Structure formats: C-alpha cells, structure tokens
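Chains, contacts and geometry: an overview
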Amino acid sequence: MNPLLPFLMAGDPSLEALPGLLSAAKALGLEAVELGLPHSDPIADGPVLQAAAHRAIQRGATPLRVLQSLAGITDSPDVVLFTYLNPLLQLGAAELKRLLAPTPVRALLVVDLPFGEEPAFEAELRAAGYPMVPLLAPTTTLDRARQLLAERPDPGEEAPFAQRFAYVVARLGVTGTGQGLDLKPVAARVADLLSLTSRPLAVGFGLSDPRSLTAVRRLGATPVIGSALVQELAKGLGLREALAARLVDDL
Amino acid sequence: MTLGFTLPDRFGSQALGGCYAPETLVQPLLDLEAAFRSALMDPAYMAELKAELRHFVGRPTPLTPAPRLAAQLGLKALFLKREDLTHTGAHKINNALAQALLARRMGKHEIIAETGAGQHGVATAAACARLGLSCTVYMGVTDMARQAPNVARMRLFGAKVEPVEAGQGTLKEAVNEALRAWAARCDRAHYILGSALGPHPFPTLVRTFQTVIGEEARAQILEQAGGLPEVVIACAGGGSNGLGLLVPFLGDRLQRIAVEAGGHGPDLGEHAARLDGGRMGVLHGCKTLLLQDDHGHTAETASISAGLDYPALGPELAALILDGKVEVRRASDEEALSGARLLCQAEGILPALESSHALALLPTLAAEGAATVLLGLSGRGDKDLSTYQSRSGL
Ligand SMILES: Cc1ncc(COP(=O)(O)O)c(C=O)c1O
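The notes below deal with the structure included here. Residue indices begin from 1 for each chain and proceed along its sequence in written order. Lettering for chains starts from A, numbering for ligands starts from 1, and both go in the order in which the items are written. This being a predicted model, a pLDDT of at least 70 is required before a residue's local features are given, and a value of 80 or more before pairs of side-chain atoms are given or counted; all residues contribute to the totals for chains, interfaces and linings. Note that water and hydrogens are dropped before the side-chain values are worked out from all heavy atoms of the structure.

**A word on helix H2 (residues 47–58) of chain A**
A run of H or I in DSSP counts as a helix once it spans at least four residues, and a run of E counts as a strand once it spans at least two, with each numbered from the N terminus. Expected span of a helix, by definition, is 1.5 Å for each gap between consecutive residues, and there is one gap fewer than residues. Relative to the 16 Å expected for 12 residues at 1.5 Å per residue, H2(A) spans 16 Å between its end C-alpha atoms, a close match to the ideal helical length. Along H2(A), the residues classified as buried are Val48(A), Leu49(A), Gln50(A), Ala52(A), Ala53(A) and Ala56(A). Should any heavy atoms of two residues lie within 4.5 Å, those residues are counted as being in contact. Where H2(A) is buried, its residues meet strand S1 (5–9) and helix H11 (227–234) of chain A together with helix H8 (171–185) of chain B. Here's how the labels work: a residue is buried when its accessible area is under 20% of the maximum for its type, exposed when over 50%, partly exposed in between, all with a 1.4 Å probe on protein chains only.

Here you go:
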C-alpha cells in the first residue's frame, strides 16, 4: 500500500523548488503526489491552501508555467494534478494533452467537475491517459458512490496507484488542518467503500497529525497530507524535514 | 449518466448553466431540487408564500407612471416597477423569503447567504428573523464599507455578518466563502443564494421566485396603459431582477434590455460588462460568460454599485442574450449617477445605484425613438446615500 499521498501547491514556495520536492518524494518511496494548480477562486480550499495559491499566483505560477516546469521531469512519483475546471477548459483538451505529454502527470483531480458535466472533455483526456479521480464525499450516498466508481472506472491492477485510487473526503467542508478530526465516521465510510470496490482508497481533508495518518493506514487506505505539509514547506523546509517536522514519524 | 436532476439545468443553444459543484455539495443540490419541486406543488407552501409576499413584503408592488421624467426625455410614457417599495427595499426579498420558507420546510434552521450591495443580506436576515431561523451573511470588506447601513440592518435583524477579506473584498469573494461555509454545514444549513447564478438548481430557483416582478408588471401595464410597452429594461448583476422582469415578456414582440455595469473604463478590471470581454467559463458552479484572464483566473471587476460588481452573468440571462432574446447595454459609473439624478429630480424617487444603471439608458432609448418604456426599479437608494453625496456633491 502506498503509505502517503502528499499534496504540494505548485509555485509555493516556488516553481524552482518543485523538481527537488518531487525528487525527494520519489526517494521516500511514494508512488504519487498531488500537485495543486493555483486558482483564483479555490472554493473547496481552506485558508492555508487559499493563501498558498494566492502566493503562487503572485509569483507567476500560471497553469501554463506550472505545466511547462513539469516538462521533462522523470525523477518524480506519478503526479495527480489537483485543479479547478476553468483553467483546464480555457486551455482546451487538445492543448492540455500537448502540455501534459512530457510531464509526470498521470491523472486529474478536478474539484468542481462532477461526472457528466463535461463528457466530451473528460472522455478525450481519459483516452489520452489522464483519467479523472473519483471523489467520494461524506454526503455521497453509497448508491451514488457505486455509480461514481463505475463512471470513473478502475483501469485495472496493472495501472499505477495515481490512475486507480478513489479519493475519500474525510469530512464536510474544505481542505485544511483539522483539529481533532473524528475518525469514527471515516472508518465506517472506508469499510463501506471497501465493500464496493477493490481499488485503492486515499483519505484526505483535515489530516494533520501522525495519529490520524496512522489511523487511516490501519483502515487500509492512503492518508493525504495537504495543508499541514504546505505550511511547513512554506517555511523553506525540504520535503523530508517538513514531513518529519510534525507530521510523519514512520515513513 | 448525468447527475440525476429532473428540471432542465442548461440554458440556450450553448448549454450554459450546469452543476459544476464540488462532490460534497452534489447531494445537497439534488435534495434542494427535489424540495423545490415538491414545494411548488404543495398548496400549503404556495399559500404561505403568497400570504407572506402580500402581508410582509408588500406585494403587489405598484407600477408607477413617471410622466415628468418621460416628458423631459421625450418618451410618450415611462412606467417604473417599484421593487424599491418592497419591505427591505429591493427585489431580493422575493427570493430570500421564498427560499427561507423552503429551508424551514426542509427542516434546515440555519441559513447561510452572501451579499454584495447588502440588499440580499438584509432581505435574508429579515426573512430569517420572521421565520425564526439563524442567519450568517458573508460580505466582502470593501462592500461592508460602501454599504454600511445595510451591515447595521442585518445585525439589527440578528444576523451574523462575516467579513470576507480575500481578493477585492466584493461579491465574488463573498460567494466563495458562502460556498465553503455551506460545504462545511450542508447537513443542517441551507444556502440562500441571492442571484440567478451558482450551480443548478439555484439559477432556476431564483428566477422562479423573481418572475413575480414581471408577471405583476405585465398585468399592470396592460391595465394602466392599455397595451404593452416597446421596451422593458432592467439592470443586471447576476441577473435575478433582470430575469424576474424580462422572462414574463419573452413571448411578446418588444425590446428586452439588460444593463451591465460599465464601471470607469473599457479595460479588464475597470468594469463588470460581461458581454464586453467576457468569455465562456466556469465560476461558482455554473458555465456562463465570465470576465477572466488568459489563464482562466477570474478577473477583477469594478463598478460604483456593489450589486453589479460581479465577474459572471447568470447563465440563463447570458443564454437569452447570446440567443438574441435579450439585448445587452452598459452604463458607466458616471452615467448611472446621472440616471439617479434624473429620477430624483423629476419624480422624487431615490433609486439604488444598481437600478440607476437602467435609468441611465433612458435618454438613449428616447433618442432611438422608443415611445413607452417599462423600467425595473430594482431597489431604493438609501444604502447608497454616502456614495451619492460624495460623488454628486450633494
Ligand atoms: C437593488 C439591486 N438591484 C440589482 C441588483 C443586482 O442583482 P441581480 O442582477 O441579481 O438583480 C442588486 C444586487 O445586489 C440590488 O441590490
């Protein structure tokens, strides 16, 4: 099982720091990282990632420059591009595929694109090797979860984690550092979902301490660490140090 | 497979609208659509709504002839649909009250709202006080400063006003924050969106609750003028008063006009005219005409009126415009101020800055040969006194 899915905000602390962070993630043996494409209106993000996106945009981390800075990078885990829809729509599927081709991006997590809203766009990207990660929220009924997992299907066991996993949203609300996230409902949720699917699950939103990361791993899922990590990285720490600082004691 | 909505969720030949919401909000939006459909078919809900609109809101609002202003401009006749005379002073209460009743019917006793000009916030706060619901309103800090009287009103009605510091501190950021708050509390809270925008079913819900404006106005003008006007005109922020007034006239042979905020210049960032420089994009859950930069980031906007200072046009109004059923014009900050002055001096009515954008077009319409004009006076200008004072040297 992939032990951790770290979230990085592209352009924060800087685009120049990105290759080093990706390389460090690979050295830690991680199979994938989520990379946030900074957006002007991140409606699913809490204060930490909003501020990080804002800093990144101020420093010129446009979608184009982010993707160009990923071109040619091979010393990296698979990258899951975490983004809002509008910047992708403005590029268009053809240009987006062209930009993604030389990068380690293997899947897209588009926060505000429910399945079925842009069917042609999504199908074209999937066909090119960029499937959309299914998101399962606390409000997603099991019926709807079943439907979502079928609509954004598991490409099969040979496919890498980045293209197979489903993202389980641990709590209502937005991304952020959670104080005392109640893991009981998460445990019940993961158990229900594991009865529906054999694909890997990642659990994120509000995980910010070693205890909750360990608890998620015990459930058989990969914990996502986002806001807490971005806070540490913004101080200028390397990935290993940032993770060690307060987050992960057992990598 | 689609999301499973029942009502049409796309508008016009370019399929604007849709439901581009984070997964957490999809089920609440499905539930909202179901509750909305069942409420519309429930005689008890409809009767209560009708009674509240009459006794609390003060509907029907008058259709006021404005003969002195008409004569001054060279129009044969001018009629004003007086949403400024509703309780709380703008059309926003029609939707806020209907949604508050809907929330209570859904068993949701917490209300979240965003506001720009503060009129939707005040209307929602008033409806919540009346129905015994708790109310939190998100408002950008820039708007809080320029619409201070409305902040005080909301607080008097017992609402919590949450300042939003991000970005320009205007309506767009307030909607961002309200959507985030709703995602965190969607198990117990209902989000009363104030304009005909956002993810499905909001645009349809808001338009449905606002068409009372045009339905009344159409019957009133037929009775008072003995026929239809040549022009029906309203201002457009997100588009709720515009759709509310114009939709009931869609089957008629007349000119339908929506007026956007021209701000203080033609460049991106200087105005909120989505038809001039807006491109198709997705913001706040719907696909529509959007002011944005080359990277798909939302552009800054500017307008003297907080209620029109928003980068996206509601999807249904955008579709009607793109499909040629509604015409779009713009009025600058200065023109809006002149429009307000015209009405104040000729008729003794103080319009909201938003509505003044529609008034600003009257001289042009007269010059184009319009005879009879019906204008949506969406709100009153008390909230804008300080702007009028500082900008008109009163
Ligand atoms: C008086 C008034 N008119 C118009 C508007 C613009 O909104 P909409 O286009 O939804 O009617 C507002 C919004 O705050 C308002 O307060």
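There's plenty left to go through after this.
**Notes on the pairing of strand S4 (residues 105–110) of chain A**
Residue and element names in this part refer to chain A. Across the six residues that make up S4, a large majority, five, are buried. The pairing criterion is simple: DSSP has to find at least two bridges between the two strands. Relative to S4, strand S3 (residues 78–83) is paired through five bridges, and the arrangement is parallel. Bridge pairing links Val 79 to Val 105 in S4.

**Some details on the site of the ligand**
All names here are of chain B. Working definition: residue near molecule or strand if any one of its non-hydrogen atoms lies within 4 Å of it. Taken together, 19 residues lie near the ligand, and Ser 195, Gly 237, Gly 239, Ser 240 and Ser 378 sit nearest. Counting of polar contacts relies on pairs of N or O atoms within 3.5 Å, with two restrictions inside protein: one atom must be capable of donating a hydrogen and the other of accepting it, and residues adjacent in sequence are counted only when both atoms are side-chain atoms. At 3.0 Å, a side-chain N or O of His 91 approaches an oxygen atom of the ligand. Residue burial considers only the protein chains on display, and all accessible areas are found by Shrake-Rupley using a 1.4 Å probe. When the ligand sits alone it has 390 Å² of accessible area, and the protein chains cover 97% of it. Only Asp, Glu, Lys and Arg are considered charged, only Ala, Val, Leu, Ile, Met, Phe, Trp, Tyr, Cys and Pro nonpolar, and every remaining residue, Gly among them, polar. Residue classes in the shell around the ligand are distributed as six nonpolar, 11 polar and two charged. Both of domain 1 (22–53 + 92–207) and domain 2 (58–89 + 208–392) provide at least three residues apiece to the shell around the ligand. What marks off one domain from the next here is an automatic or database domain assignment.

**Considering the interface of chain A and chain B**
Taken together, the contacts link 39 residues of chain A with 37 residues of chain B. Carbon and sulfur atoms supply 53% of the area buried between chain A and chain B, which totals about 3,000 Å² over both sides. Sorting the residues of chain A by area buried against chain B places Asp41(A), Ile43(A) and Glu117(A) first, and these three jointly supply 21% of that buried surface. In the sections that follow, a salt bridge refers to a side-chain nitrogen of Lys or Arg positioned within 4 Å of a carboxyl oxygen of Asp or Glu. Between the two partners, chain A and chain B, sit four salt bridges. A salt bridge links Glu23(B) to Arg144(A), with the nearest nitrogen and oxygen atoms 2.6 Å apart. Of all the elements, helix H4 (residues 85–91) of chain A adds the most residues to the side of chain A that touches chain B, at five residues. Here the residues of the side of chain A that touches chain B sort into 20 nonpolar, 12 polar and seven charged. By definition, the buried area sums, over both parts, the 1.4 Å-probe accessible area that each loses when the two are put together.

**Observations regarding the sheet that holds strand S3 (residues 63–65) of chain B**
All names here are of chain B. Ordered by their spatial adjacency, six strands build an open sheet running S3-S4-S14-S9-S10-S13, and the pairing between neighbours is mixed. Single-partner strands in this sheet number two, and they are S3 and strand S13 (327–332). Here the average twist between neighbouring strands, direction ignored, is 25 degrees. Direction of pairing for strand S9 (residues 231–235) relative to strand S10 (residues 255–263): parallel, over a ladder of five bridges. From the neighbouring strand, Val 231 faces S10, where its bridge partner is Gln 255. In this analysis, axes come from line fits to C-alpha atoms, helices being fitted only over the stretch in contact, and the angle between any two N-to-C directions falls in the range 0 to 180 degrees.

**Description of the pattern of salt bridges**
Under the counting rule described, the total for this entry stands at 37 salt bridges over all chains. Close ionic contact of Arg55(A) with Asp12(A) constitutes a salt bridge, the shortest N to O distance being 2.9 Å. With Arg55(A) in helix H2 and Asp12(A) in the loop between S1 and helix H1 (18–27), the pair connects residues that are 43 residues apart, well separated along the chain. Residue classification places Arg55(A) among the partly exposed residues on the basis of a relative accessible area of 29%. Given the relative accessible area of 5%, Asp12(A) is considered buried. Here Arg105(B) ties to Asp42(B) by a salt bridge, and the two come within 3.0 Å at their closest N and O atoms. One end of the pair, Arg105(B), is in helix H4 (residues 92–105); the other, Asp42(B), is in the loop between helix H1 (23–40) and helix H2 (43–57), with 63 residues separating them in the sequence. Judged by its relative accessible area of 37%, Arg105(B) is partly exposed. Among the charged side chains, a network of salt bridges with common partners joins Arg59(B), Lys81(B), Glu83(B) and Glu216(B).

**Quick word on the sheet that holds S1(A)**
Residue and element names in this part refer to chain A. The strand order S4-S3-S2-S1-S8-S7-S6-S5 describes an open sheet built from eight strands, whose pairing is parallel. The two strands at the open ends of the sheet, each matched to only one other strand, are S4 and strand S5 (135–136). In terms of strand pairing, S5 meets strand S6 (residues 166–169) through two bridges, oriented parallel. Looking at S6, one finds that Leu 136 is bridged to Val 168. Running at roughly 160 degrees to strand S7 (residues 201–204), helix H9 (residues 183–194) makes contact with S5, S6 and S7 of the sheet. Running over the sheet, H11 touches S1 and strand S8 (222–225) and is turned about 50 degrees from S1.

**Comments concerning a nonpolar patch on the surface**
Residues and elements named next belong to chain B. A patch consists of residues whose relative accessible area exceeds 30% and which take part in no salt bridge; residues with like charges are grouped when within 9 Å of each other, and nonpolar side chains (Val, Leu, Ile, Met, Phe, Trp, Tyr) when within 5 Å. A cluster of nonpolar side chains, contributed by Leu 40, Met 41 and Met 46, occupies part of the molecular surface with about 290 Å² of accessible area. With respect to the helices and strands, Met 41 occurs in the loop between H1 and H2. We classify Met 41 as exposed; its relative accessible area is 63%.

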